[in-house]
Amino acid sequence: MVDTHLKTAAVIYNPIKVDLDVLRDEVQRAAADAGWNEPVWLETTADDAGQGMVEEARRADVDLVIAAGGDGTVRAVAEGLRGSRIPLALLPSGTGNLLARNLKLTLNDMPGSVTSAFTGRDRPIDLGVIDIERPDATRDQHVFVVMAGMGIDAKMIENTDDDLKAKAGWLAYLGAIVKSLRDPNELHFRFRLDDGRTKRAVAHTVIIGNCGSLPANILLLPDAVVDDGQFDILLIRPGGLLGWIRVWAKVAWVNGVIRRTRSGRALTGKQKDDGDLSYRTGKRFVARLSRPEEIELDGDGFGKATAFNAWIEPGALQIRVPADAQ
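Here goes a summary of the coordinates provided.

Within the secondary structure, Ile 312 sits in strand S16 (residues 300-321). Taking the C-alpha atoms as reference points, Ile 312 and Leu 127, 185 residues apart in sequence, are found 5.8 Å from one another. Residues within four places of Ile 312 in sequence aside, it is in contact with Asp 126, Leu 127, Gly 128, Asn 210, Gly 229, Gln 230, Phe 231 and Lys 283.

Looking now at the pairing of strand S6 (residues 139-144). For strand S5 (residues 121-133) and S6, the ladder comprises six bridges, and the chain directions are antiparallel. Bridge pairing in S6 links Gly 128 to Phe 144.

Helix length check: helix H1 (residues 20-34), at 15 residues, gives a terminal C-alpha distance of 21 Å against a target of 21 Å (1.5 Å per residue), a fit within 8%. Within H1 the residues assigned to the buried category are Leu 23, Glu 26, Val 27, Ala 30 and Ala 31. Projection of H1 onto a plane perpendicular to its axis shows the buried side chains occupying an angular sector of 125 degrees, all on one side. Those residues of H1 that are exposed and aimed more than 90 degrees away from the buried face are Asp 21, Asp 25, Ala 32 and Asp 33. Residues of H1 that are buried in the fold lie against strand S1 (9-13), strand S2 (40-43), strand S3 (64-69), strand S4 (88-92) and helix H5 (110-119). Two residues or fewer past H1, Gly 35 is found with a positive phi of approximately 75 degrees.

Another point: the environment of Ala 323. Inspection of the secondary structure puts Ala 323 in the segment after S16. Sequence spacing of Ala 323 and Ser 116 is 207 residues, and the spatial spacing of their C-alpha atoms is 7.3 Å. Ignoring sequence-local partners within four residues, the contact set of Ala 323 consists of Thr 119, Gly 120 and Arg 121.

A separate point is the nonpolar core. Core analysis: the largest hydrophobic core is formed by 42 residues, its most contacted members being Val 65, Leu 88, Leu 99 and Leu 317. In contact with Leu 317, other than residues within four places in its own chain, are Ala 78, Leu 81, Leu 88, Arg 123, Pro 124, Ile 125, Leu 127 and Val 145. Of all hydrophobic cores here, the second largest spans 26 residues; its members include Ile 208, Ile 233, Phe 285 and Ala 310.

Rules used throughout
Residues numbered from 1 in each chain as written. Predicted model: local features only at pLDDT ≥ 70, side-chain atom pairs only at ≥ 80, totals over all residues. Heavy atoms only, no water. Helix = DSSP H or I, 4+ residues; strand = E, 2+ residues; numbered from the N terminus. Contact = heavy atoms within 4.5 Å. Pairing = 2+ DSSP bridges. Expected span 1.5 Å × (residues − 1). Buried < 20%, exposed > 50% of the residue type's maximum accessible area, 1.4 Å probe, protein only. Arc of directions from axis to C-beta. Core = buried A, V, L, I, M, F, W, Y, C linked by side-chain atoms within 4.5 Å.

Shown next as structure tokens:
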């Protein structure tokens, strides 16, 4: 029986990504230590990555939602919690853990992460929201917590073998990257940023980022901040093989190594446009493609789009972080 005087957490978990017995033991221990009710347990399915479970949790009037799964689970749960003020705690699982990485949360300490879920503080972060227009002229709306992308990155995800990814993690993307780079097609599109004029552009990749770190020490958007109320936008159009080498050197070495130190950031300064990379910031990004293109949200493929309207919602999601987090 639920004691209405005590707080209650809902655990939304992906059964493929977690060891349920270990997870249940840790969560029940931490809930009891914190003086909370027995948690509500909600399992995701192949047809519902988490949005429906959030609806159940909200009907149960829970005080906290804990997401235990990969990036797809986190994105779906965040979508359901959008604007609710119910805090979301992350129990990182899977290969990416993109939001947890960008918040500098511990990735491999289940007991510590569970304890922080019940004892931490809440930090508001921004949410990206995107309306996608499909080739059949229908529209659907989603959120993303890390980034949305079209071009090489979306093709890479589409070309990645899911079984290999489950076994090899991010190494599975190497073959997909090679396959995607052989694709000669570029993105041709018209876009408008905030209230600016409509422009034409050609790029291999378009990234709309709420934050900018990826696995393998890749810092794609070095100036992106998860709670600054704006997107960081990157257009990638390298010129040939040497251009791709320059892009990789900048992303993996300059951004991924040098800029991660205070002295390195002082040396390199803010990110600047060059012949291969073009950076922008804004609160709304609207684009129409010359042909249907693959689109990805937080590392998951979301089919083809002919146009999209993306905007930022400042502070729309509360994230539970450790009490001593910076």
